Amino acid sequence: MRATNFFLIACSAALSAVLFWTSFSYFKAQEIEKAKARLTLYRSTLVAELRHFSHLPFLLSLDPVVTATLGGADPEALDYRLARFSQSAGIDAIFLMDGTGQTISASNAQTEASFKGQNYAFRPYFQEAQRGELGEFYGIGATTGQPGYFYAISVQNPENDGHGAIAIKIDLMALQESWQASGEQIVLANADGVVLLASDPSWRYRTLEPLSEIQREQIATARQFSDEKLVAFEWSADHVNQTAQVAGEQLLYLHTNELPNSWSLHFFVPDDVAVTRAWLTTGAFLVFVMVALIAIQLLRVRRIGAALRRSESEEAELRQTNDKLAREIDERRVAEQRLHKTQVELERAGRLAALGQLASSVTHELGQPIAAMRNQLVAAEITSGASPLTNKMEGLVARMENITRQLKFFSRKGRDKFEVVDVQDVMDDALELLEPTINHCDAVVTFERFGGSVLVKANRLRLEQVMTNIVRNALDAVEVEPIRQIRIVMGQDARHVWFTVQDTGHGLGGKTYDDLNEPFATTRESGRGMGLGLTISAGIVADHDGTISAEDREQGGAVFRIELPRAEEGTQT
């Protein structure tokens, strides 16, 4: 009997060891999957923070006050203007440099740490801007001593051939503070392996791997990290098992290199939860074994009935505990999914709010030039009389006024006049408006009409704006292709009117329609658009109770399909 008991104990110990490592591997895989989702969220947040203001230097480079100051105008007016821009946008600093890198105007000109009068020709972002590129750079400020992310772009003064660069500095410390508040361990490193941001501030400006002499020389030349020693970070990573040793502590480890500038994001997670669950599983197994041994002993003393009742009670309690644990796990997963969905919706709402502010600014800035054009046309008619050219220009000015009014729907919803229109007539107007662009691209546009009336109840101008945006996107896509063909097809069924725009361009570039529908998302190269056309079109179509979809064609290129509710002839407007 003793030999039997010893054998059972030995088998139980072996099975417990196997069960522990098996359950630990399983729970570890679960923790890693959760960590992957968190890492993806942190990566998306970081990319959104970096790219949120990437378009601003380009817009500032077109500001007439900026170009005038570069040409020799008094910089005090620009100092005040840049200070207002910086404060309203929440940017750390905005500053203008001449062709030698000397700062001639800055938003912080009235502060003790003013950039004005400082020379930043040694900074890589200035050198990239002088080469006609969008300069990007992270470093400790040479004047303020505060770290930040810099964007810079070239500025030209057409009147005196003056040139320089406009730059902005973004403070990323709020992002690091949110990491600290989360209680998780996160490290952001640049291409050289230098830690830029970390949930533990003591980890900053340490190196994940040794720096070469060339790397240290380049960092010193750019004064990227001021007087920081850039000592090694005490860690080692096992990429196969997805673990890492950080300051002697064993942690689960994930990382991603899918960031701008070849940066990398490293995420460390304690394995305490996986170990605890593994021990609980093993403990439950040992409890079961002990219950079995007790039952055997009870059989020996003829207490089978009592032993069975106790065993059944214990098993019932264990099942209840397991059921409760399973429900808690399910509730936690649902809560995490809701949190992720809420964060995505908040991020999109923030982008649309920014787009609404931009739309209001654009309509305000274009209002006076358009009014001036109309006054000039009226004066021309009075002095020279009406002509086909002035009549056509008046139509174009009226169209521009209506388009700017349509932009206002991003900041507030208005009541537009809806009427029954033939979609084919609206497409004819859109193609007439785009005729110069079609001729410039040397594209072949084929319009396959339905053969009868294709009626919808809509605002004619806004519907024309959708068609213009979709066809113009197709023209941009085929502009550099050897075959430049665009096919427009109209049709309808019992409930809907639809039309498709097919092109032979470069396609969606691996993106989905939802990706392209985000504000400022675009498949064009830098400088060829700000990615607002589809967002505007989607809003207009949604106001008409319609839908937009897009996909790549098997033959190459893309196809966009717009569906709208059908209106019968004789419908009241």
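Residues numbered from 1 in each chain as written. Predicted model: local features only at pLDDT ≥ 70, side-chain atom pairs only at ≥ 80, totals over all residues. Heavy atoms only, no water.

### Observations concerning the nonpolar core
Cut-off, in case you're wondering: By nonpolar core we mean a set of buried residues, namely Ala, Val, Leu, Ile, Met, Phe, Trp, Tyr and Cys, connected to one another through side-chain atoms within 4.5 Å. The cut-offs for exposure are 20% and 50% of the maximum accessible area for each residue type, with area from a 1.4 Å probe on protein chains only; residues under the lower value are buried, those over the upper are exposed, and the others partly exposed. A run of H or I in DSSP counts as a helix once it spans at least four residues, and a run of E counts as a strand once it spans at least two, with each numbered from the N terminus. Contacts are assigned to residue pairs with any non-hydrogen atoms lying within 4.5 Å of each other.
Counting residues in hydrophobic clusters, the biggest one holds 45 residues, and the most contacted among them are I168 and L265. A total of six residues in this core trace back to one element, the largest contributor, which is helix α1 (residues 2-51). Ignoring anything within four residues of it in the chain, the contact list for L265 reads L39, Y42, R43, L46, W179, I186, V187, L188, L254, H255, T256 and L259. Formed by 39 residues, the second largest nonpolar core is a distinct cluster that contains V497, L508, I536 and V541.

### Notes on the environment of F450
Relative to the elements of secondary structure, F450 occurs in the loop between β13 (444-448) and β14 (455-458). Classification of F450 as partly exposed rests on a relative accessible area of 37%. Residues F450 and V489, spaced 39 residues apart in sequence, show a C-alpha to C-alpha distance of 7.7 Å. Not counting residues up to four positions away in its chain, the partners in contact with F450 are Q424, M490, G491 and Q492.

### Digging into the packing of helix α11 (residues 423-433) against helix α13 (residues 460-478)
Note the cut-off: An axis is simply a line fitted to the C-alpha atoms; with a helix, the fit covers only the stretch in contact. Between two such axes, the angle follows the N-to-C directions and lies from 0 to 180 degrees. Reported orientations rely on four angle classes, namely roughly parallel under 35 degrees, roughly antiparallel over 145, roughly perpendicular from 65 to 115, and oblique for the rest. Each crossing gets its handedness from the near helix: less than a right angle anticlockwise from the far helix is left-handed, clockwise is right-handed. Under the scheme applied, nonpolar residues are Ala, Val, Leu, Ile, Met, Phe, Trp, Tyr, Cys and Pro; charged residues are Asp, Glu, Lys and Arg; polar residues are all the others, including Gly.
In contact at an axis separation of 9 Å, α11 and α13 are set at 55 degrees when each is read in the N-to-C sense. Our classification of the angle between α11 and α13 gives oblique. You can see that α11 and α13 cross each other, and the crossing is right-handed. On α13, the residues that touch V423, D425, V426, M427, D429, A430, L431 and L433 of α11 are R460, L463, E464, M467, T468 and V471. Of the residues belonging to the contact of α11 with α13, the class tally is nine nonpolar, one polar and four charged.

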